[in-house]
Structure formats: structure tokens, C-alpha cells
Amino acid sequence: MALINEHYLKLSKNYLFADIAKKVNAFKVSHPKSDVISLGIGDVTRPLCPAVIEAMHKAVDDMSVKERFHGYGPEQGYLFLREAIVKHDFLSRGIHLDPSEIFVNDGAKSDTGNIGELVRWDNSIGVTDPIYPVYIDSNVMCGRAGSQTDGKWSNVTYMPCSEENGFVPQIPDRRVDIIYLCYPNNPTGTVISKEELKKWVNYALKNDTLIFYDAAYEAYIQDDDIPHSIYEIKGAKKVAIEFHSYSKTAGFTGVRCGYTVVPKELTAVTLDGKQRVPLNPMWDRRQCTKFNGTSYISQRAAEAIYTPEGKQQVRETIQYYMDNARMMRDTLIRLGLKVYGGENAPYLWVKTPGGTDSWKFFEQMLYGAQVVCTPGVGFGPSGEGFVRLTSFGNHEDCERALSRISTWMKG
Ligand SMILES: *Cc1c(COP(=O)(O)O)cnc(C)c1O
């Protein structure tokens, strides 16, 4: 008799985007002539840049001839890409990594979800609230999150990100074994300064805590003094694993490629406390067993964003989204709304006026302006009273949406 993993039964149904779609459809049915614009999309919309397309075409041609055909590649990723990553994403910031510390993957969701296999099921975890749901759900699946009461998991320390603390969570006053951080942040669009990040690294060094650092949005950072990588902080290689993705950086959501950094210096301890074990060979072993690499074509595509043309083109697309973000911020602030984020990230975290709850404001804006946002409470209890807007849309749509919001709010 096969018995199921009952932890799956504890998962709360994440209906956020399905619920939004249902409400939008209901509106469309009763307003058939309406033209709804979404500022809620969490996916990129601009096409891949020419340098990437050219590299992909070339890679396809490679596959058509015997001499350049590529079958299974190295599970860790091709060296050409890992060397480009080391040089352009890290060495340029004074961080020295070896290609063997880079693991190319099919996107950051897989690895942020799977990395927990390296650590015992009974470690305690700490997450920021609101949060990217993968961090919690993947821990629920293996039983690490504990049991749920009043929407909170017994083995999870929630670190609220609020207006009061500038969306930088307070360091826990007790020991937590594993901490998830994501900066620039989804959903709040806020960033962490070097000084604040240093506090986390020092906490981790002192408490033997492991940090899982999600840097999926680092390419959106505009201010020079905001860290792009946790390894910009001294000692971080001893305590942190970092996740990168080409999804938001270069529009690879449909191509699938990213990478995880597991430094050689990073260790964790055995239950009896007698042995410190490096995590790099463990992750290597895990990948070689369960992962057979990202396609050659995707990896050649990723390599192309490190060429001078690729860098320039990727920067232009990011600028396109960040121009949207600036326009959205300016307009909404002028309308008297409190707006966070949107300066170093493609997300704006907007406080609902007059303490309206997230879902209520979502409906008000849908019916009043035919504009869709994402209710903040969908990302965790501390998201209540906020909505998330994204700048991933078309520029003209963004302008039209803002003009409608203006008319609606002034009316
Ligand atoms: C979009 C996103 C990712 C990237 O996911 P991929 O699997 O690489 O497409 C990772 N983390 C966060 C917080 C994200 O929003």
C-alpha cells in the first residue's frame, strides 16, 4: 500500500491569481464593453533582445550538425556560461568565485524550492512577511514548516516588513536555523542597504544560521550603493546560498535559465555536532542525481547577455520597465497615495487609502478604473492594506491605466 506524503494535505490552496482572474471575469461579464488593463502581471512582456535571439539561432544550427551537436551537458552547466557568470556578475563587483561554485539551472523557482533537501526537516526557518510563496510551501511539503494555526506555521518565524521598519525586517531575537531573504523584494519592490545586509550576515555567522538569498531582481537596481549580491558582504560565503535568474533580468521566463551559487566555504553541521560538512559537494551530488541540465540552447542564450551588445540591450529593456515604474510612482504619489518600491525594482507597493482592505481596494479600482492590481494580503498577513502594481506592462497601457486611476480618484 502506497502511503502519501501527508504534509501535502496541509498546503493552503494558493488561489491568489485564480481568485483575481475570477473577479476580473465577473466584471467583464457584467461590463462587456469594458477594456480592462492589468497592472498585476508578474511576467515580463518585452521580447528577447536581438543578441539573445541570434545566439539561440546559432545554437539551433549547432544542433543540426554532427560536429556541434550537444546531447546531455554537464549537470552543473556548461563551463562557457559558468565562466561568464563568474567574470561578469561577480568579479566585476570584486567577488571572487570559482566556476565550480556556480550551478546553472532551469530558473530560480526550482532551486529555491529544492535547496531544502540539503538540510534536516527539523530546522527552524525564518521568512519575511509578505513573501514569495515558494519559500514557505516548499518547507510545508517536507514537514519543516510544522502545523498551521491562524494562518501561521508553528516552525516558521515571521519577520514583518512594514512601513514602520522601512520594509527591512528586524533581526530575530532568537536563533533561527535558516533564513530566506529576497532583495530587491517581490512583492514590496524595496531594497536592502549594505549596512542592513551586513547585520544579517553577522547574525548568521554568530548563530550558525544558513541564509538563502534570492537575488532574482538584482539587475533592476539603479542606486550605486545597493548590494547586488550578498557576497559583497564580508563573511557571506560562509553562510549564504544565492539564487539568480535570467527570467526578470533578460525576459527568460519562457526560455528557462538561472543559477545558484553554493560557495566552497559554506558548511553546516551534523546532528551530533561533531562534523562540519561543506554544502557545495552535497548540492553537486543532488544535481547530478536529480537534474540533467538546462538545454544547450538556453545556456547559449544566457551567455549572450554578457556580450557588450547583450548587456546594452538587456539594460534597455530593464530601462523600459523602470520608466514605467517611475511614471507610475510619480502619478500615484501626486494623487496622494503612499507608494513604496518601484525605484530599484519593477514592483510598487501601494498603501490602500483610508485603511481599505486589499481585496476591497482591488475591487474598487477594478470597477472604478478598470485597472487590475494584486491584493497585498495574498503574499502574507503583513501585506494587508497594500496592493502590488508591476511595471512589466506595455508603456502605453501603463499610461492609459494611470490616467484612468487619476480620473477615478479625483472623481
Ligand atoms: C520571478 C521570481 C523568481 C524567478 O523564477 P524563475 O523560476 O527563475 O523564472 C525567483 N524569485 C522571485 C522572488 C521571483 O519573483
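One structure accompanies this document, and this report is about it. Nothing here was measured: the structure is a model prediction, and the numbers come from that model.

## Here we look at the sheet that holds strand E10 (residues 258-261)
Strand-to-strand pairing in sheets goes through backbone hydrogen bonds, with the strands running parallel or antiparallel.
At step 1: Pairing is mixed across the open sheet formed by seven strands, whose spatial order is E2-E10-E9-E8-E7-E3-E6. What marks the edges here is a single partner per strand, and that holds for strand E2 (102-105) and strand E6 (156-160). Across this sheet, the average inter-strand angle for adjacent strands is 20°, counted without regard to direction.
At step 2: Sheet analysis places strand E7 (residues 178-182) next to strand E8 (residues 210-214), joined by five bridges and oriented parallel. Note that in E8 the partner of Ile179 across the bridge is Ile211.

## Points about the side chain of Glu242
At step 1: The topology assignment puts Glu242 in strand E9 (residues 240-245).
At step 2: Buried charge without a salt bridge: Glu242, with Arg93 as the nearest opposite-charge side chain at an N-O distance of 7.9 Å.
At step 3: A distance of 2.6 Å separates a polar side-chain atom of Glu242 from the backbone nitrogen of Ile230.
At step 4: Setting aside residues up to four positions removed in sequence, Glu242 forms contacts with Phe90, Tyr213, Ala215, His228, Ser229, Ile230, Tyr231, Tyr259, Thr260 and Val261.

## Regarding the site of the ligand
At step 1: Around the ligand, the structure places 14 residues, and the nearest of them are Ala108, Tyr217, Ser245, Ser247 and Lys248.
At step 2: At 2.7 Å from a nitrogen atom of the ligand is found a side-chain nitrogen or oxygen belonging to Asp214.
At step 3: Separating an oxygen atom of the ligand from a side-chain N or O atom of Tyr217 is a distance of 2.6 Å.
At step 4: Notes on the ligand: free accessible area 390 Å², of which the protein chains cover 93%.
At step 5: At the level of secondary structure, the elements contributing two or more residues to the shell around the ligand comprise helix H4 (108-114) and helix H7 (246-250).
At step 6: Of the residues that constitute the shell around the ligand, the class distribution is six nonpolar, four polar and four charged.

## Overview of the packing of aromatic side chains
Both the distance between ring centres and the angle between the ring planes are used here to describe each pair of aromatic rings.
At step 1: As enumerated under the stated definition, the model contains 26 aromatic pairs in all.
At step 2: Geometrically, the ring pair formed by Phe80 and Tyr296 is edge-to-face, given 6.3 Å between the ring centres and 90° between the ring planes. With Phe80 in helix H3 (residues 79-90) and Tyr296 in helix H9 (residues 296-304), this pair connects stretches of sequence that are 216 residues apart.
At step 3: For Phe80, a relative accessible area of 19% corresponds to the buried category.
At step 4: When the centroid spacing of 6.3 Å and the interplanar angle of 55° are considered together, the rings of Tyr217 and Tyr220 count as tilted. Just as Tyr217 is buried, Tyr220 falls in that class too.
At step 5: Through a chain of ring-to-ring contacts, three or more aromatic side chains come together here, namely Tyr217, Tyr220, Tyr320, Tyr321, Tyr347 and Phe392.
At step 6: The positively charged end of Arg46 is found above the aromatic ring belonging to Tyr320, 3.9 Å away from the centroid.

## Considering the environment of Thr128
At step 1: Here Thr128 is to be found in strand E3 (residues 125-129).
At step 2: Accessibility expressed as a relative area gives 3% for Thr128, which makes it buried.
At step 3: Placed 252 residues apart in sequence, Thr128 and Gly380 show a C-alpha to C-alpha distance of 9.1 Å.

## Let's talk about the nonpolar core
In summary, soluble globular proteins display a tendency toward joint burial of nonpolar side chains.
At step 1: By size, the foremost hydrophobic cluster in this structure holds 96 residues, and its most contacted members are Tyr246 and Leu332.
At step 2: The element best represented in this core is helix H10 (residues 308-334), accounting for nine residues.
At step 3: Core analysis: the next-biggest nonpolar cluster, separate from the first, contains 27 residues, Val127, Trp153, Ile241 and Trp283 among them.

## Observations regarding the sheet that holds strand E14 (residues 347-351)
At step 1: With antiparallel pairing, four strands are arranged side by side in an open sheet as E13-E14-E17-E16. Looking at which strands have only one partner, the edges of the open sheet turn out to be strand E13 (339-341) and strand E16 (374-375).
At step 2: Relative to strand E17 (residues 386-390), E14 is paired through five bridges, and the arrangement is antiparallel. Bridging from a neighbouring strand, Lys351 pairs with Phe386 of E17.

## Quick look at the pairing of E2
At step 1: The alternating pattern of E2 places Ile102 and Val104 and Phe103 and Asn105 on opposite faces, both of which are buried.
At step 2: In terms of strand pairing, E2 meets E10 through four bridges, oriented antiparallel. Among the inter-strand pairings, Phe103 is bridged to a residue of E10, identified as Thr260.

## Notes on the pairing of E10
At step 1: Side chains Gly258 and Thr260 project from E10 onto one buried face, and the interleaved Tyr259 and Val261 project onto a second face that is buried too.
At step 2: Pairing analysis gives four bridges linking E9 to E10, with the strands arranged antiparallel. Each bridged residue has a counterpart across the sheet, and for Phe243 the counterpart in E10 is Thr260.

Conventions we followed
Residues numbered from 1 in each chain as written. Predicted model: local features only at pLDDT ≥ 70, side-chain atom pairs only at ≥ 80, totals over all residues. Heavy atoms only, no water. Pairing = 2+ DSSP bridges. Helix = DSSP H or I, 4+ residues; strand = E, 2+ residues; numbered from the N terminus. Axes fitted to C-alpha atoms, helices over the stretch in contact; angles between N-to-C directions. Buried < 20%, exposed > 50% of the residue type's maximum accessible area, 1.4 Å probe, protein only. Lys, Arg positive; Asp, Glu negative; His and termini not counted. Salt bridge = Lys/Arg side-chain N within 4 Å of Asp/Glu carboxyl O. Polar contact = N/O pair within 3.5 Å; in protein donor to acceptor, adjacent residues only side chain to side chain. Contact = heavy atoms within 4.5 Å. Near = heavy atom within 4 Å. Areas by Shrake-Rupley, 256 points an atom, 1.4 Å probe, with all protein chains shown as cover. Nonpolar A, V, L, I, M, F, W, Y, C, P; charged D, E, K, R; others polar. Phe/Tyr/Trp six-rings, centres within 6.5 Å; stacked < 30°, edge-to-face > 60°. Lys NZ or Arg CZ within 6 Å of the ring centre and 35° of its normal. Core = buried A, V, L, I, M, F, W, Y, C linked by side-chain atoms within 4.5 Å.

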